[in-house]
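Coordinates in review
Single-letter residue listing:
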Amino acid sequence: MTDGSTSTPASQVRLRKALDAVPAYVAGRPAEAQAGITAYKISSNENPYPPLPSVLDVVREQAGQMNRYPDMGVTALTEAIAQRLDVPAARVATGPGSVGVLGQVITAFCDPGDEVVFAWRSFEAYPILVALAGATPVQVPLTSEARHDLDAMADAITDRTKVVLVCTPNNPTGPSVRTAELEAFLDRVRDDVLVVLDEAYLEFVTSDDAPDAVAIHRARPNVAVLRTFSKAYGLAGLRIGYAVAHEPVAEALRKAAIPFGVNSLAQVAAIASLEAFDELDVRVKELVTERARVVAELERQGWELPDTDANFVWFPMGERTAEFAAACQAAGLTVRPYGTDGVRATIAEREANDRLLEVTAAFSRD
Ligand SMILES: *Cc1c(COP(=O)(O)O)cnc(C)c1O
């Protein structure tokens, strides 16, 4: 055997130019051990609770079949989702996480040069998926309250626009869009532009004027809803999400899927989680209660933060983003800093939330 590393000629392969425009996904870092204190990962908006025993049981049982391919049609889960939402199964398309489904959306809709409009900052997978397709991301700045500027987004639509992404509640800033402003926006969007309502945090929403996305989808052929089992349902590691879209779109999403992309453990775990929703909902409600406690205490401490309808809070720290993230890290909390915009911290175990409140109380904002 020879060591090829010194003699291999330089690669001549021709990668797509589009890759040059693809930003790297910055994943939330794992918790870092600190001497004498428990470390918490509050950087990825995961559910802090361990899986339900009933869900673990079906996953363990299914694991014995992992030599077999999964059901490519994801039939039983698709049926279960359709029943739960009271929509035809033909309108449900699944994928490996809702990021996977969104990739299917972009693949199905975008040729090079086509435009995808979304708010910024928003979910960081958006510019990656759009750039991978060679399409053009059109990023519309959030308002000063860290909300979607839906008027500006409607203004940003051109002849090249194929898709608009509306992230509600918005990751990483927290506010939901309001029903009235969303309806007014949709009235302004051409019928041949798909609007995707990304509701990854739907189960945590408590504001009364947040939209009923499935109802809006029913009334409008160009509206699709994107949902995930990763957050409230606690299945982030299994990768399963879905879209509810009118038949021609849902069919296209199934066509654009990677064959066998949704694995068999994810399929059975998602079905068991839908069946155990009442049990999961107790946990969701506890997290919502914790969020209210954290937000109230932050207000008492004098912080002025955007509203949050999700399982995280946003600290718009500007130039002090890195410093604030470092202060959290020193206290054993791994948060998610975003450049010089701000820091996102997940609502997690009570002890982690208490620790966060200690850091925010001690952090000088002068
Ligand atoms: C976490 C998140 C998702 C879900 O991603 P999965 O691929 O389903 O794990 C989708 N959209 C937003 C805005 C998110 O924050």
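Residues numbered from 1 in each chain as written. Predicted model: local features only at pLDDT ≥ 70, side-chain atom pairs only at ≥ 80, totals over all residues. Heavy atoms only, no water.

Time to look at empty space enclosed by the protein. One way to see where empty space is left: roll a probe the size of a water molecule over the atoms. By the definition in use, this model includes one cavity of 30 Å³ or more. Estimated volume of the largest cavity: approximately 70 Å³. Lining of the largest cavity is provided by Asn47, Tyr49, Pro50, Pro51, Leu52, Val55, Tyr233, Gly234, Leu235, Ser273, Leu280 and Arg283. (1 Å grid on protein atoms, 1.4 Å probe; cavity = no way out; pocket = protein on both sides within 12 Å on 5 of 7 lines; lining within 4 Å. Points joined across faces, edges and corners; volume = space filled by probe spheres on them.)

So, about the pairing of strand S9 (residues 312–315). Side chains Phe312 and Trp314 project from S9 onto one buried face, and the interleaved Val313 and Phe315 project onto a second face that is buried too. Examined bridge by bridge, S9 and strand S12 (residues 342–346) share four bridges and lie antiparallel to one another. Opposite valine 313, over in S12, you have alanine 345 as the bridge partner. (Buried < 20%, exposed > 50% of the residue type's maximum accessible area, 1.4 Å probe, protein only. Helix = DSSP H or I, 4+ residues; strand = E, 2+ residues; numbered from the N terminus. Pairing = 2+ DSSP bridges.)

With that settled, the discussion passes to the side chain of glutamine 104. In this structure, glutamine 104 sits in helix H3 (residues 97–109). At a separation of 3.4 Å, a polar atom in the side chain of glutamine 104 contacts the main-chain carbonyl oxygen of threonine 94. (Polar contact = N/O pair within 3.5 Å; in protein donor to acceptor, adjacent residues only side chain to side chain.)

Next up on the list: the sheet that holds S9. Strand order in the open sheet formed by three strands is S9-S12-S11, with antiparallel pairing between adjacent strands. Edge positions in the sheet fall to S9 and strand S11 (336–338), since each of these pairs with one other strand and no more. Within the sheet, the average angular offset between the axes of one strand and its neighbour, ignoring direction, is 20°. (Axes fitted to C-alpha atoms, helices over the stretch in contact; angles between N-to-C directions.)

Below, the discussion takes up the nonpolar core. Within the largest apolar cluster, 52 residues are counted, with the highest numbers of intra-cluster contacts made by Met153, Val164, Val166, Phe185, Val195 and Phe229. It is helix H9 (residues 264–275) that provides the largest number of residues to this core, a total of six residues. With near-sequence residues (within four places) excluded, phenylalanine 229 lies in contact with Leu77, Ile81, Gly234, Leu235, Ala236, Ile240, Tyr242, Ala270 and Leu274. (Core = buried A, V, L, I, M, F, W, Y, C linked by side-chain atoms within 4.5 Å. Contact = heavy atoms within 4.5 Å.)

This paragraph deals with the layout of surface pockets. In this structure, the largest pocket occupies an estimated 440 Å³ of space. Among the secondary structure elements, those contributing two or more residues to the lining of the largest pocket are H3 and S11. Among the elements that take part in the lining of the largest pocket, H3 stands out by supplying three residues, more than any other. For the lining of the largest pocket, the residue count by class is 10 nonpolar, nine polar and eight charged. (Nonpolar A, V, L, I, M, F, W, Y, C, P; charged D, E, K, R; others polar.)

Let us now look at the pairing of strand S7 (residues 223–228). Within S7, six of the six residues are buried, leaving the element largely enclosed by the surrounding structure. In S7, alternate side chains face the same way, and those of Val223, Val225 and Arg227 on one face and Ala224, Leu226 and Thr228 on the other are all buried. Where strand S6 (residues 194–198) lies against S7, four bridges are found, and the strand directions are parallel. From the neighbouring strand, valine 195 faces S7, where its bridge partner is valine 223. At this point the chain moves from S6, through helix H7 (residues 213–219), to the parallel S7, and the crossover so formed is right-handed. Note: S7 against strand S8 (residues 241–244), four bridges, orientation antiparallel. Across the sheet, residue threonine 228 finds its bridge partner in S8, namely glycine 241. (Right-handed = clockwise from strand over helix to strand, strands pointing away.)

What follows covers the site of the ligand. In the region of the ligand, 13 residues are neighbours, and Tyr201, Thr228, Ser230, Lys231 and Arg239 sit closest. One of the side-chain N or O atoms of threonine 228 is found 2.5 Å from an oxygen atom in the ligand. Separating an oxygen atom of the ligand from a side-chain N or O atom of lysine 231 is a distance of 3.3 Å. Here the ligand loses 94% of its free accessible area of 390 Å² to cover by the protein chains. (Near = heavy atom within 4 Å. Areas by Shrake-Rupley, 256 points an atom, 1.4 Å probe, with all protein chains shown as cover.)

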